[in-house]
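Observations on the model geometry
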Amino acid sequence: MVTAKAWVLKKHFEGFPKTSDFDLKKIELPNLKDGELLLESVFLSVDPYMRPYSRRDMKEGDIMIGTQVARIVESKNPAFTVGAFVVGSSGWRTHFISDGKDLQLLPSNWPESLPKSLALGTVGMPGLTAYFGLLEVCKMKPGETVLVNAAAGAVGSVVGQLAKIGGCKVVGCAGSDDKVAYLKEIGFDEAFNYKTVTSLDEALRKASPDGYDCFFDNVGGEFASIAINQMKKYGRIAVCGAISQYNDSVPQKGPYVQVPMVFKELQMEGFVVTRWNNRREEGLKALLKWVVEGKVKYHEQVTEGFENMPMAFLGMLKGENLGKAIVKV
Ligand SMILES: NC(=O)C1=CN([C@@H]2O[C@H](COP(=O)(O)OP(=O)(O)OC[C@H]3O[C@@H](n4cnc5c(N)ncnc54)[C@H](OP(=O)(O)O)[C@@H]3O)[C@@H](O)[C@H]2O)C=CC1
Ligand SMILES: CCCCCCCCC/C=C/C=O
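Residues numbered from 1 in each chain as written. Chains lettered and ligands numbered in written order. Predicted model: local features only at pLDDT ≥ 70, side-chain atom pairs only at ≥ 80, totals over all residues. Heavy atoms only, no water.

Notes on the pattern of salt bridges
Applying the stated criterion across every chain yields a total of 18 salt bridges. In this structure, the salt-bridge partner of Arg279 is Glu136, at a minimum N-O distance of 3.0 Å. Residue Arg279 is located in the loop between β13 (267-270) and α8 (280-292), and its partner Glu136 is located in helix α2 (residues 125-138); the two are separated by 143 residues in the primary sequence. Under the relative-accessibility criterion, Glu136 is labelled partly exposed at 28%. Across the pair Glu282 and Arg279 runs a salt bridge whose closest N-O atoms are separated by 2.9 Å. Sharing partners across several salt bridges, the network here consists of Glu136, Arg279 and Glu282. (Salt bridge = Lys/Arg side-chain N within 4 Å of Asp/Glu carboxyl O. Helix = DSSP H or I, 4+ residues; strand = E, 2+ residues; numbered from the N terminus. Buried < 20%, exposed > 50% of the residue type's maximum accessible area, 1.4 Å probe, protein only.)

Rendered as structure tokens:
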């Protein structure tokens, strides 16, 4: 008999989440039936979507949603071998039972030298978000200028590097000087700390006096309202996320987007990465190849210990992570 630990949503978040909104539970797992596997989480992901999705998809007492890299510890399913690693979507738990249908094996050519946690970041959902958002929503072309915010995070750091591979000029904004230094290290042409500039408008203009063809927006709110005015004619805005609004109890008010949208003839499109689930393998293959070749660099903010999951989640929402926020069990 295995006892799993799991973090549940004790109380719906109001405003910024608190550690007291979570509860740690123990769950006795039954013996395996034919066709089932027992898995042990090795790395778990904390992601911004958990904040808005918790309100939409969860009720109090539910196990927190989320993905993990897990090792198969016991198998009564011939398609899965003990010792293999998979990406699962079983939420914040140390152990779980699956029939295998919701599991994705790590690519068979995964190099020993690469951390398996990358399957939750650069070579996982956030990397795919950057890949499809840039290619299919921004439709970036060589020679164009791309702006990305939350640029030193899991999605943003990949956006900037893929835009460079695609022959674009890249401007990134992030919330600390260390993050800005990292962006320059990984090849961003221009980067600045949006928290310390005296005028965001001026900083954006200085970084690209001719304006922006593509804006990969991870933040929304005030940042997006200012940046939209610096789009070039026929510019494309990929609305990927709105982290500056996820903790609002009262919706923020405009400025509104219609005037620049009309006169600059902009395209603005929201998207969710799962739209391209049928092209997941294509995206992962490309991302893994660029990482192996050293063309896409990665950084992970690893928090040790399953008991620290709420703290890691709160830290990520506060901007404490450089690169992908990961919890190592
Ligand atoms: N549409 C889709 O399919 C997907 C969308 N997303 C979205 O992409 C965005 C980035 O996600 P991800 O890369 O995983 O997360 P990150 O790794 O970028 O972590 C979140 C970062 O957001 C920044 N941030 C937090 N609060 C604010 C704020 N009030 N204003 C500005 N920046 C803030 C912080 O960086 P800093 O120090 O720079 O402020 C923080 O480090 C999120 O909005 C997320 O919801 C993610 C995956 C899929
Ligand atoms: C429990 C598994 C959920 C995986 C969802 C991945 C889609 C994330 C879309 C993100 C949107 C905004 O952050």
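That shown, we press on.
Examining the site of ligand 2
Neighbouring residues of ligand 2: Tyr49, Tyr53, Gly66, Thr67, Ser89, Tyr246 and Val272. Contact with the protein chains hides 75% of the accessible area of ligand 2, taken as 420 Å² for the molecule alone. (Near = heavy atom within 4 Å. Areas by Shrake-Rupley, 256 points an atom, 1.4 Å probe, with all protein chains shown as cover.)

Brief notes about the site of ligand 1
Taken together, 27 residues lie near ligand 1, and Lys179, Tyr194, Tyr246, Val273 and Asn321 sit nearest. Taking Gly175, its main chain carries an N or O atom lying 2.9 Å from an oxygen atom of ligand 1. Note that an oxygen atom of ligand 1 is positioned 2.8 Å from one of the backbone N or O atoms of Asn218. Out of a free accessible area of 900 Å², ligand 1 has 89% covered by protein chains. Those elements that place two or more of their residues in the shell around ligand 1 are α2, α3 (154-165) and α9 (309-318). (Polar contact = N/O pair within 3.5 Å; in protein donor to acceptor, adjacent residues only side chain to side chain.)

As for the packing of aromatic side chains
On inspection of all chains with the given rule, the structure shows 13 aromatic pairs. Between Phe132 and Trp276 the ring centres are 5.3 Å apart and the planes differ by 10 degrees, which places this aromatic pair in the stacked class. Of the two residues, Phe132 sits in helix α2 while Trp276 sits in the loop between β13 and α8, which places them 144 residues apart along the sequence. Each member of the pair, Phe132 as well as Trp276, carries the same accessibility label: buried. With 6.1 Å between their ring centres and 35 degrees between their planes, Phe215 and Phe223 make a pair best called tilted. One exposure class covers both Phe215 and Phe223, and it is buried. Against the face of Tyr53 rests Arg56, its NZ or CZ located 4.5 Å from the ring centre. If you follow Lys116 out to its NZ or CZ, it ends over the ring of Phe85, 4.8 Å from the centre. (Phe/Tyr/Trp six-rings, centres within 6.5 Å; stacked < 30°, edge-to-face > 60°. Lys NZ or Arg CZ within 6 Å of the ring centre and 35° of its normal.)

With respect to the pairing of strand β3 (residues 37-45)
For a regular strand, side-chain orientation follows a simple rule: the groups alternate between the two sheet faces. Counting buried residues in β3 gives seven out of nine residues, a clear majority hidden from the surface. Pairing of β3 with strand β4 (residues 68-75) involves seven bridges; the strand directions are antiparallel. Bridge assignment links Phe43 to a residue of β4, and that residue is Val69. Two elements, β3 and strand β6 (residues 95-98), share four bridges in a ladder whose sense is antiparallel. (Pairing = 2+ DSSP bridges.)

Side note on helix α4 (residues 177-185)
All of the buried residues in α4 are Lys179, Val180, Tyr182 and Leu183. Buried residues of α4 fall within an arc of 160 degrees about the axis and therefore sit on the same side. What points out from α4, more than 90 degrees from its buried face, is the exposed set Asp177, Asp178 and Glu185. Looking at the residues trailing α4, positive phi occurs at Gly187, about 105 degrees. (Arc of directions from axis to C-beta.)

With respect to a nonpolar patch on the surface
A surface patch of nonpolar side chains, about 340 Å² in accessible area, is lined by Val259, Val262 and Phe263. Note that Val262 resides in helix α7 (residues 258-263). When its relative accessible area of 53% is taken as the criterion, Val262 is described as exposed. (Patch = residues over 30% accessible without salt bridge, like charges linked within 9 Å, V, L, I, M, F, W, Y side chains within 5 Å.)

So, the packing of α2 against α3
Two numbers describe how α2 lies on α3: the axes approach to 8 Å, and their chain directions differ by 45 degrees. The orientation of α2 relative to α3 falls into the category oblique. In this structure, the crossing between α2 and α3 has a hand that is right-handed. Counting all contacts with α2, which are made through Pro126, Gly127, Thr129, Ala130, Tyr131 and Leu134, the residues of α3 involved are Ala154, Val155, Val158, Val159, Leu162 and Ala163. Residue composition of the contact of α2 with α3, by class: 10 nonpolar, two polar and no charged. (Axes fitted to C-alpha atoms, helices over the stretch in contact; angles between N-to-C directions. Parallel < 35°, antiparallel > 145°, perpendicular 65-115°, else oblique. Left-handed = near helix turned anticlockwise from the far one by under 90°. Contact = heavy atoms within 4.5 Å. Nonpolar A, V, L, I, M, F, W, Y, C, P; charged D, E, K, R; others polar.)

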